[in-house]
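A structural walkthrough
Residue strings, one per chain:
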Amino acid sequence: MANTPQSQKRARQTERRTAVNKARRSRIRTFLRKVEEAIAGGDAQVATDALRAAQPELMRGVTKGVVHKNTAARKMSRLSARVKAMTTA
């Protein structure tokens, strides 16, 4: 339990930031899931569109500090490779 006024304020701020970060992380996961579903569905055009929509959302997560830069790069790289394999095959 926070005792000092400063620590009480920090606890309130942390609570608010946690809620924002949780919502942002959830939004990113939703976009990534849409790409995964499109790949599983086998429609290359839908997968490409979903990937294009997911990319800025993932990078926004990096900017806001929700996702690490390398994690976002890895996820984008792997998804891009899978979508590209669909379009060429």
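This text gives an overview of the structure that appears in the document. What you are looking at is a predicted structure, and each value in this text was computed from that prediction instead of being measured.

**Here's the deal with the overall build of the protein chain**
From N to C terminus, the protein chain includes three helices and zero strands. Its C-alpha atoms give the protein chain a radius of gyration of 18 Å, more than 25% over the compact-globule value 12 Å for 89 residues. Seen through its principal axes, the protein chain has C-alpha atoms that stretch 65 × 20 × 15 Å. Per-residue burial over the protein chain gives 24% buried out of 89 residues. Summarising the internal contacts of the protein chain: among those between residues at least 6 apart in sequence, 61% fall at separations of at least 24. Approximately 6400 Å² of the protein chain is accessible, and the part contributed by carbon and sulfur atoms is 51%.

**Remarks on the packing of helix α2 (residues 44-64) against helix α3 (residues 69-88)**
Where α2 meets α3, the axes come as close as 10 Å, and the angle between the chain directions of the two elements is 170°. Put simply, α2 runs roughly antiparallel to α3. Along its contact with α2, which presents Ala44, Ala47, Thr48, Leu51, Gln55, Leu58, Met59 and Val62, the element α3 presents Lys69, Ala72, Lys75, Met76, Leu79, Ser80, Val83, Met86 and Thr87.

**What to know about α3**
Here α3 is 20 residues long and its end C-alpha atoms lie 28 Å apart, about the 28 Å a rise of 1.5 Å per residue gives. Of all the positions in α3, only Ala72, Met76, Leu79, Val83 and Met86 are classed as buried. Buried residues of α3, viewed axially, fall in a sector of 85°; they line one side. Across α3 from its buried face, at more than 90 degrees, point the exposed residues Arg78, Lys84 and Thr88. Next to the buried residues of α3 lie α1 (5-41) and α2.

Calculation criteria
Residues numbered from 1 in each chain as written. Predicted model: local features only at pLDDT ≥ 70, side-chain atom pairs only at ≥ 80, totals over all residues. Heavy atoms only, no water. Helix = DSSP H or I, 4+ residues; strand = E, 2+ residues; numbered from the N terminus. Rg over C-alpha atoms; globule rule 2.2 N^0.38 Å. Buried < 20%, exposed > 50% of the residue type's maximum accessible area, 1.4 Å probe, protein only. Contact = heavy atoms within 4.5 Å. Areas by Shrake-Rupley, 256 points an atom, 1.4 Å probe, with all protein chains shown as cover. Axes fitted to C-alpha atoms, helices over the stretch in contact; angles between N-to-C directions. Parallel < 35°, antiparallel > 145°, perpendicular 65-115°, else oblique. Expected span 1.5 Å × (residues − 1). Arc of directions from axis to C-beta.

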